[in-house]
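Residue-level structural notes
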Amino acid sequence: MAGQNTAASPLFLREPELRRGLELLYFGNSHLTRTIDQGLADQGLGRAHHRALYFIARQPDLTVSQLLGLLAITKQSLGRVLNELIERELVEMRPGERDRRQRLLRLSETGRRLETELFDALRERLSAAYASAGQAAVGGFWAVLEGLIPAEDRKRIGMLGGE
């Protein structure tokens, strides 16, 4: 942050340092997601819709059950979100080729354009923060975030196509 010492104290596991980290995580995420709130609101959509669009974009032909696992929300909540996205022709759903009971999700052309527009706004903010922090800090940030994810979930997240 401008004007503040961003170096962690050698006593980084003490409560004040942990609280500072939690506050920075909370406020950083809050400001990042607010970047796209107006664009979503203009479409009559919310953050849950964006999360679904994002993960479907990252892995076309994602199954509904895989998306449910990634989002960690109830079937009812996901059903509501997916129904709205399908009705607005942002997401297409089709049966699986080998297992017809599977429901495969993919973005429509309109959905891809919207997701790209939203991602571009997020990329701008995140790129600026990354550039300001530097490569080593970004690697450390990723390591901390990965450490927050249970080991059994890391493989599923890694399969999203990260470079």
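Everything quoted here is computed from the prediction, not taken from an experiment.

The rules behind each value
- Residues numbered from 1 in each chain as written.
- Predicted model: local features only at pLDDT ≥ 70, side-chain atom pairs only at ≥ 80, totals over all residues.
- Heavy atoms only, no water.
- Phe/Tyr/Trp six-rings, centres within 6.5 Å; stacked < 30°, edge-to-face > 60°.
- Buried < 20%, exposed > 50% of the residue type's maximum accessible area, 1.4 Å probe, protein only.
- Helix = DSSP H or I, 4+ residues; strand = E, 2+ residues; numbered from the N terminus.
- Salt bridge = Lys/Arg side-chain N within 4 Å of Asp/Glu carboxyl O.
- Core = buried A, V, L, I, M, F, W, Y, C linked by side-chain atoms within 4.5 Å.
- Contact = heavy atoms within 4.5 Å.
- Pairing = 2+ DSSP bridges.

Using the criterion set out here, one finds three aromatic pairs in the structure. A centroid spacing of 5.0 Å and a plane angle of 80° characterise the contact between Tyr26 and Phe27, whose relative ring orientation is edge-to-face. On the basis of relative accessibility, which here comes to 54%, the residue Tyr26 falls in the exposed class. The exposure class of Phe27 is partly exposed, given its relative accessible area of 45%. Taking the centre distance of 5.2 Å and the plane angle of 85° together, the rings of Tyr54 and Phe55 count as edge-to-face. When its relative accessible area of 25% is taken as the criterion, Tyr54 is described as partly exposed. Judged by its relative accessible area of 18%, Phe55 falls in the buried class.

Considering the arrangement of structural elements, one finds Arg14 in the segment before α1 (15-42). Here the alpha-carbon distance between Arg14 and Asp99, two residues 85 residues apart in the chain, equals 51 Å.

One side chain can pair with another of opposite charge once the charged atoms of both are near each other. Inspection of the entire model under this criterion finds twelve salt bridges. Arg47 is the partner of Asp37 in a salt bridge, and the nearest nitrogen-oxygen pair spans 2.5 Å. Remark: Arg47 occurs in helix α2 (residues 47-58) and Asp37 occurs in helix α1; sequence separation between them is ten residues. Exposure remark for Asp37: the relative accessible area of 25% places this residue in the partly exposed category. Judged by its relative accessible area of 37%, Arg47 falls in the partly exposed class. Salt-bridge contacts for Arg94 lead to Asp61; the nearest nitrogen and oxygen are separated by 3.1 Å. Here the residue Arg94 occupies a position in strand β2 (residues 91-95), and Asp61 occupies one in the loop between α2 and β1 (62-63), the gap between them amounting to 33 residues. The class for Asp61 is partly exposed, based on a relative accessible area of 24%. Salt bridges sharing common partners tie together Asp61, Arg94, Glu97 and Arg106.

This part takes up the nonpolar core. Among the nonpolar cores identified, the biggest contains 25 residues, and Ile56, Leu67 and Leu85 are the most heavily contacted of them. Broken down by element, this core gets its largest block of residues, five residues, from helix α3 (residues 64-71). Not counting residues within four places of it along the chain, the set of residues in contact with Ile56 comprises Leu62, Leu67, Leu82, Val91, Leu105, Arg106 and Leu107.

Attention now moves to the sheet that holds β1. Pairing is antiparallel in the open sheet, where three strands are placed in the order β1-β3-β2. Each edge of the sheet is formed by a strand with only one pairing partner; in this case those strands are β1 and β2. By the bridge criterion, two bridges tie β1 to strand β3 (residues 103-107) in an arrangement that is antiparallel. Paired with Thr63 across the two strands is Leu104, which belongs to β3.

Function cannot be inferred from these measures alone, as they are strictly geometric.
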